[in-house]
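Here is how the chains run, residue by residue.
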Amino acid sequence: MLAIKRTRRLDPDPAFAATFRALAPRLPGSADAALARVRAEGFERFAALGIPTRRDEAWKFTDVARIANRPMRPAAPVELPLERVLPYLLGGPRARRLVFVDGRLQPQWSHTGGLPEGVIVESLARAAETRPVALAEALAGLDDGRSFTALNAAFADSGAWIELPAGVVLDAPLQLLFVATGGEPPVMSHPRCILRLGDGASLSLLETHVGLGEGAALGNAVLQLALGPGARLEHDRLELLGPASALLAKLDGSLAAGARYRQTTVVLGGALVRNEHEVRIDGPGVECLLSGVAVPSRGEEADTFVRIHHRAGGSHSDQFFKSVVEAGGHNAFAGKIIVHKGAQKTNAYQKNDNLLLSDDSEVDTKPELEIYADDVKCSHGATCGELDAAALFYLRARGIGAETARALLIHAFAAEVIGRLGDPTARALAEQRLLARLGGGLDPALAASVIGEAA
Amino acid sequence: MLTIENLEVSVEGKPILKGLSLTVEAGRVHAIMGPNGSGKSTLAHVLAGREGYEVTGGSVRFGEEDLLAMEPEERAQAGLFLAMQYPVEIPGVANMYFLRQAINAIRKARGQDEIPAAEFMRKVREQAKLLGIGEELLKRDLNAGFSGGEKKRNEILQMAMLEPRLCILDETDSGLDIDALRTVADGVNRLRSPERAFLVITHYQRLLDYIVPDVVHVMADGRIRRSGGPELARELEERGYEGLLGTRLAA
Ligand SMILES: Nc1ncnc2c1ncn2[C@@H]1O[C@H](COP(=O)(O)OP(=O)(O)OP(=O)(O)O)[C@@H](O)[C@H]1O
Ligand SMILES: [Mg+2]
């Protein structure tokens, strides 16, 4: 009899080990023994954990091995003309930014000048030189049992070390722009960002992942957030990938008493875009608002995975995720609120609304609550619907063509999340990309001008 | 302008319009009155091209064209406008953005350039003011959270902005207070012109005191049962449908 092993993990493609051996001596901070050791341990951990299959509960809805378990190459330096990245430089004239192309810092487009005293904004490669021990500790400090986090620790090539001391309020946004050019074999990059906000510090962070062209690429990003008491972080994320590119993004956050974290993620494009959030609320008075919208079509998959831990009472969390799925797209959402023992007076909400526009599209949704306290307010809900026929008719009866009417309604659905992006330039780019995706000839400039004039 | 001949329409297999004939000439105002469920809104929807109605017989010509063969947007582009009995709330679509899209879609279909932004703004403000629609309402999402009366005013605003040839008003007066009724009626009267025709569906004589019709039709059970001048509406007010038509109407 043939024994079929129903495995939850696959052995990584041997190319990973070969690439790691070849690359390790050239990775940022390789000269530092502590860092080199953490990287080697990261790789061993990755090899031991393997690549998750859909039998792994956390990867129930999407097949990541299809995309991530194959030979890939680390990027070679590429020269891009400014006009290729110009549309993605966000935050206005006063924004500071770090730009990476295929895992390498692009100093010509990056600048972090004029920061208040004590503020640190460094690329990961720079941090590997200036603070190798702290970086090694940070990398080693996040072991979430997730193989891609371990892989990121091994290969971390881009990303940033960001620290705001207590009380510092940065009034101009900070952008982290990750551009991937594709190719065959696919190019992989492993951004690692470490962001720490001291008591009462405040930052607007624009995180942008962009895929240029049709080629394949894999971004394996990890972001470690720590917000001190009363700190505020406004975090706008745009994920605009090419049809053959994938992004696996893990966010690990801890929020101290009174911290306020608002994140809005807009996914427009990508063969597989997986956003994982694991946030711990460690004190009272925290506000954690996570929103997102994804618009997968034509074989694209978007997968959102959220774990919110209320480890202290008296805090508020809210998840609001939407998707528009059409033409063979697939959206998955799995979100869990965990209210730990003793975390009384917790308010935690979760909502997942999906617009399913064709029969060949697919939506999976799995909202969950795990509550170990008795005096809490929690709710969760999921919906899946089509466009409102009465609304479509209303628009068409006013002379608006069917395709445009449809685009207007889809836009309206998605705009509820896009409108939550804190930065106007991020909002405008998301709008423009969404409208281009929807067709129907909607002109974003028209929306802007009408709104502008009416205001 | 509009010629309806022996129109028969069913909804889910149930006949609603049963051989309705009606001709509306340019420059004229026709009123349609009729008991609840007699098919007035059905007629309005079929004319505007709403899905879910099966035309089982008859024809409708709009100018030279076969109206029933046209898509809803083509009808609007050809100059047909339906002020709906129940305007739809569309959160996420800004009122002004929508209005400008609609105007430009119609202009484009007619081979005209887009309306210049300044002209659009001037016109919208002017019309909104005449209709007692505040700036705040203009900035909101389309009908979202509008009161019943605000929705009806917004319908007339759209009508004024889109400048249709044939205006169908389905109970635009219902849900309006007395002052609003006056404002809306004035709005309609301002649009009266030799090139434009109106089909005004209403239950109440009061509206017809303000918008004086040329012809009044009484509809029952899916057909026009009587037609006459404005005096027919007054007669109806006194005698009721059963008295006027001399028959018991099926509930
Ligand atoms: N979608 C539908 N499904 C089933 N029946 C319908 C539908 N639309 C209309 N009808 C029926 O058709 C008949 C005519 O309805 P219609 O709305 O046209 O009446 P009306 O004359 O406008 O009435 P009112 O004065 O109450 O507005 C009613 O019996 C109604 O129930
Ligand atoms: Mg009706």
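The following paragraphs examine the structure supplied in this document. Being a predicted model, the structure only gives us computed values, none of them experimental.

### Section: the overall build of chain B
For chain B, the helix and strand inventory stands at nine helices and twelve strands. A compact globule built from 251 residues would reach a C-alpha radius of gyration of about 18 Å, and chain B, at 18 Å, matches this within 12%. With respect to the three principal axes, the spread of C-alpha positions in chain B is 55 × 40 × 35 Å. Per-residue burial over chain B gives 55% buried out of 251 residues. Of all intrachain contacts in chain B linking residues separated by at least 6 positions in sequence, the fraction that spans at least 24 positions is 68%.

### Concerning the coordination of the magnesium ion (ligand 2)
In this structure, S41 of chain B (OG) and Q85 of chain B (OE1) serve as the protein donors to the magnesium ion (ligand 2), at separations of 2.0 to 2.2 Å. Residue S41 of chain B is found in helix α1 (residues 40-48), and its partner Q85 of chain B is found in the loop between β6 (80-83) and β7 (90-94); the two are separated by 44 residues along the sequence.

### Observations regarding the site of ligand 1
Residue and element names in this part refer to chain B. The environment of ligand 1 is formed by 15 residues, the closest being G37, K40, S41, T42 and H203. Here an oxygen atom of ligand 1 and a backbone polar atom of S38 are 3.3 Å apart. K40 is positioned such that a nitrogen or oxygen atom in its side chain is 2.8 Å from an oxygen atom of ligand 1. The protein chains hide 66% of the 640 Å² of surface that ligand 1 would expose on its own. The biggest single contributor to the shell around ligand 1 is α1, with three residues. Of the residues in the shell around ligand 1, the class split is three nonpolar, eight polar and four charged.

### Section: the sheet that holds strand β23 (residues 377-385) of chain A
Residues and elements named next belong to chain A. Read across the open sheet, the ten strands follow the order β5-β4-β8-β11-β13-β15-β17-β19-β21-β23; overall the sheet is mixed. One side of each edge strand has no neighbouring strand; the edge strands of this open sheet are β5 (104-105) and β23. Where strand β4 (residues 96-101) meets strand β8 (residues 174-181), six bridges bridge the pair, whose relative direction is parallel. Across the sheet, L98 pairs through a bridge with L176, a residue of β8. Contacting β15 (260-267), β17 (287-294), β19 (316-325) and β21 (347-356), helix α9 (residues 402-418) runs over the sheet at an angle of about 150° to β19. Running over the sheet, helix α10 (residues 424-438) touches β13 (232-240) and β15 and is turned about 25° from β13.

### Quick look at the interface of chain B and chain A
Each partner contributes residues to the interface: chain B has 39 residues there, and chain A has 26 residues. Of the roughly 2,600 Å² buried between chain B and chain A on both sides combined, carbon and sulfur atoms contribute 67%. If you look at where chain B meets chain A, you find three salt bridges. With a closest N to O distance of 2.6 Å, E73 of chain B and R396 of chain A form a salt bridge. If you look at where chain B meets chain A, you find ten residue pairs in polar contact (both at pLDDT 80 or more). Within the residue set of the side of chain B that touches chain A, elements represented by two or more residues are α1, α2 (72-77), β6, β7, α3 (95-109), α4 (117-130), α5 (135-139) and α6 (148-162) of chain B. No other element matches α3 of chain B, which puts eight residues into the side of chain B that touches chain A. Each residue belonging to the side of chain B that touches chain A can be placed in one class, and the counts come to 23 nonpolar, seven polar and nine charged.

### Quick look at the packing of aromatic side chains
Residue and element names in this part refer to chain A. One pass over the structure, following the stated rule, counts nine aromatic pairs over all chains. Between F16 and F46, the ring centres sit 5.1 Å apart and the planes meet at 70°, which makes this aromatic pair edge-to-face. You can see F16 sitting in helix α1 (residues 14-23) and its partner F46 sitting in helix α2 (residues 33-49), a full 30 residues away along the chain. Here F16 and F46 have matching classes, each one buried. Each ring, one from F43 and one from F155, has its centre 6.3 Å from the other, and the planes form 75°; the classification is edge-to-face. One end of the pair, F43, is in helix α2; the other, F155, is in helix α7 (residues 147-155), and 112 residues separate them in sequence.

### Digging into the environment of A95 of chain A
Residue and element names in this part refer to chain A. Its place among the elements puts A95 in the loop between α4 (82-85) and β4. A95 gets classed as buried once you look at its relative accessible area, which sits at 1%. Expressed as a C-alpha distance, the spacing of A95 and V325, which sit 230 residues apart in the sequence, is 33 Å. Not counting chain neighbours up to four residues away, the residues in contact with A95 comprise L90, H111, A172 and P173.

### Considering the sheet that holds β6 of chain B
All names here are of chain B. Overall, mixed pairing links the six strands, which are arranged β6-β9-β10-β3-β11-β12 in an open sheet. Since the sheet does not close on itself, it has two edges, and those belong to β6 and β12 (223-228), each with one partner. For this sheet the average axis-to-axis angle between neighbouring strands, irrespective of direction, equals 20°. Bridge analysis of strand β9 (residues 166-170) against strand β10 (residues 197-201) gives five bridges, and the strand direction is parallel. Looking at the pairing, C167 lines up with F198 of β10. Each of β6, β9 and β10 is contacted by α6, which is oriented at about 170° to β6, the strand it contacts most.

### Quick notes on α2 of chain A
All names here are of chain A. Compared with an ideal rise of 1.5 Å per residue, which puts 17 residues at 24 Å, α2 spans 24 Å between its outermost C-alpha atoms and is within 8% of the ideal. Burial in α2 covers these residues: L35, V38, R39, G42, F43, F46 and L49. Along the axis of α2, the buried positions cluster into a sector of 140°, meaning they face one direction only. For α2, the exposed residues set more than 90 degrees away from the buried face come down to A33, R37, E44 and A48. Packing partners of the buried residues in α2 comprise β1 (9-10), α1, β2 (51-52), α5 (124-130), α6 (132-141) and α7. Capping the start of α2 is the job of one residue whose side-chain oxygen sits 3.1 Å from the backbone nitrogen of A34: D32. One or two positions beyond α2, positive phi appears at G50, with a value near 75°.

Thresholds applied
Residues numbered from 1 in each chain as written. Chains lettered and ligands numbered in written order. Predicted model: local features only at pLDDT ≥ 70, side-chain atom pairs only at ≥ 80, totals over all residues. Heavy atoms only, no water. Helix = DSSP H or I, 4+ residues; strand = E, 2+ residues; numbered from the N terminus. Rg over C-alpha atoms; globule rule 2.2 N^0.38 Å. Buried < 20%, exposed > 50% of the residue type's maximum accessible area, 1.4 Å probe, protein only. Contact = heavy atoms within 4.5 Å. Donors = N, O, S within 2.8 Å, 3.2 Å for Na, K, Ca; no water. Near = heavy atom within 4 Å. Polar contact = N/O pair within 3.5 Å; in protein donor to acceptor, adjacent residues only side chain to side chain. Areas by Shrake-Rupley, 256 points an atom, 1.4 Å probe, with all protein chains shown as cover. Nonpolar A, V, L, I, M, F, W, Y, C, P; charged D, E, K, R; others polar. Pairing = 2+ DSSP bridges. Axes fitted to C-alpha atoms, helices over the stretch in contact; angles between N-to-C directions. Buried area = accessible area lost by both parts, 1.4 Å probe. Salt bridge = Lys/Arg side-chain N within 4 Å of Asp/Glu carboxyl O. Phe/Tyr/Trp six-rings, centres within 6.5 Å; stacked < 30°, edge-to-face > 60°. Expected span 1.5 Å × (residues − 1). Arc of directions from axis to C-beta.

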